Amino acid sequence: MAMDPSTTWAARLALGLAIAVMPAAVPTQAVAQAAPTKAQLDSAAYTLRIVMTALQSSEVEQPVKNALFDCLYSNSIGEISAEADKVIAANAGKVDRKDASQMLAVVAGTCGYRPTVGKPVANPAPKK
């Protein structure tokens, strides 16, 4: 039975995310981390919601999606969220956490995405 390519991609993404959030088999003595606070969990959940919405959106450019996906593959959502929170704290009053497009810009930036500037026009048309 043939599968729709978008369904296959979505299934792979869901499987990849499920694997990414599975706890690693690390002895508990080696990891002495405190449990995350409710605020940290809420921030991570919101960050994940921003990332997942961006990955599914037709309005988000592919290079941004690639940076987000690579970042999710290489980092935990807790790490991504913590870095985004640092950027927001360092830019107090400049970033509105409730604005999804601003949050996407912050998260994409913490994931290493840097927008490319379009090529300047070599010879602009002369004005008459």
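Because the structure is predicted, anything quoted here is derived from the model rather than measured.

Caption draft 1: Broad picture of the pattern of salt bridges. Here the structure, examined in full by the defined rule, presents three salt bridges. For the salt bridge of Lys-38 with Asp-42, the shortest nitrogen-to-oxygen distance reads 3.0 Å. Separated by four residues within a single helix, Lys-38 and Asp-42 lie in helix H2 (residues 38–56), roughly one turn from each other. What makes Asp-42 partly exposed here is its relative accessible area of 42%. A salt bridge links Glu-83 to Lys-86, with the nearest nitrogen and oxygen atoms 3.2 Å apart. Of this pair, Glu-83 and Lys-86 are both found in helix H4 (residues 77–90), three residues apart, which corresponds to roughly one turn of the helix. On the basis of relative accessibility, which here comes to 53%, the residue Lys-86 falls in the exposed class.

Caption draft 2: Highlighting the packing of H4 against helix H5 (residues 100–110). Direction vectors running N to C along H4 and H5 enclose 115 degrees, while the axes themselves pass 9 Å from each other. One finds that H4 runs roughly perpendicular with respect to H5. Crossing of H4 against H5: the hand is right-handed. Along its contact with H4, which presents Ile-80, Glu-83, Ala-84, Val-87 and Ile-88, the element H5 presents Met-103, Val-106, Val-107 and Thr-110. A class-by-class count of the residues in the contact of H4 with H5 yields seven nonpolar, one polar and one charged.

Caption draft 3: Structural detail: H4. Here H4 is 14 residues long and its end C-alpha atoms lie 20 Å apart, about the 20 Å a rise of 1.5 Å per residue gives. Every buried residue belonging to H4 is among Ile-80, Ser-81, Ala-84 and Ile-88, and all of these are buried. Within H4, the buried residues cover an arc of 95 degrees as seen down the axis, which keeps them to one side. In H4, the exposed residues that point more than 90 degrees away from the buried face are Lys-86, Ala-89 and Ala-90. Contacts from the buried residues of H4 go to H2, helix H3 (62–74) and H5.

Caption draft 4: Main features of the side chain of Ser-43. As for its placement among the helices and strands, Ser-43 is situated in helix H2. Polar side-chain contacts of Ser-43 include one of 2.9 Å to the side chain of Asp-85. Excluding its chain neighbours within four sequence positions, the residues that come into contact with Ser-43 are Ser-81, Asp-85 and Arg-97.

Caption draft 5: Focus on the nonpolar core. Ranked by internal contacts, the top residues of the largest apolar core, which has 22 residues, are Leu-68 and Val-107. Within the residue set of this core, elements represented by two or more residues are H2, H3, H4 and H5. Looking at this core, the element that brings in the most residues is H2, giving six residues. When neighbours within four sequence positions are excluded, Val-107 is seen to be in contact with Thr-47, Val-51, Leu-68, Ile-80 and Ala-84.

Basis of the calculations
Residues numbered from 1 in each chain as written. Predicted model: local features only at pLDDT ≥ 70, side-chain atom pairs only at ≥ 80, totals over all residues. Heavy atoms only, no water. Salt bridge = Lys/Arg side-chain N within 4 Å of Asp/Glu carboxyl O. Helix = DSSP H or I, 4+ residues; strand = E, 2+ residues; numbered from the N terminus. Buried < 20%, exposed > 50% of the residue type's maximum accessible area, 1.4 Å probe, protein only. Axes fitted to C-alpha atoms, helices over the stretch in contact; angles between N-to-C directions. Parallel < 35°, antiparallel > 145°, perpendicular 65-115°, else oblique. Left-handed = near helix turned anticlockwise from the far one by under 90°. Contact = heavy atoms within 4.5 Å. Nonpolar A, V, L, I, M, F, W, Y, C, P; charged D, E, K, R; others polar. Expected span 1.5 Å × (residues − 1). Arc of directions from axis to C-beta. Polar contact = N/O pair within 3.5 Å; in protein donor to acceptor, adjacent residues only side chain to side chain. Core = buried A, V, L, I, M, F, W, Y, C linked by side-chain atoms within 4.5 Å.

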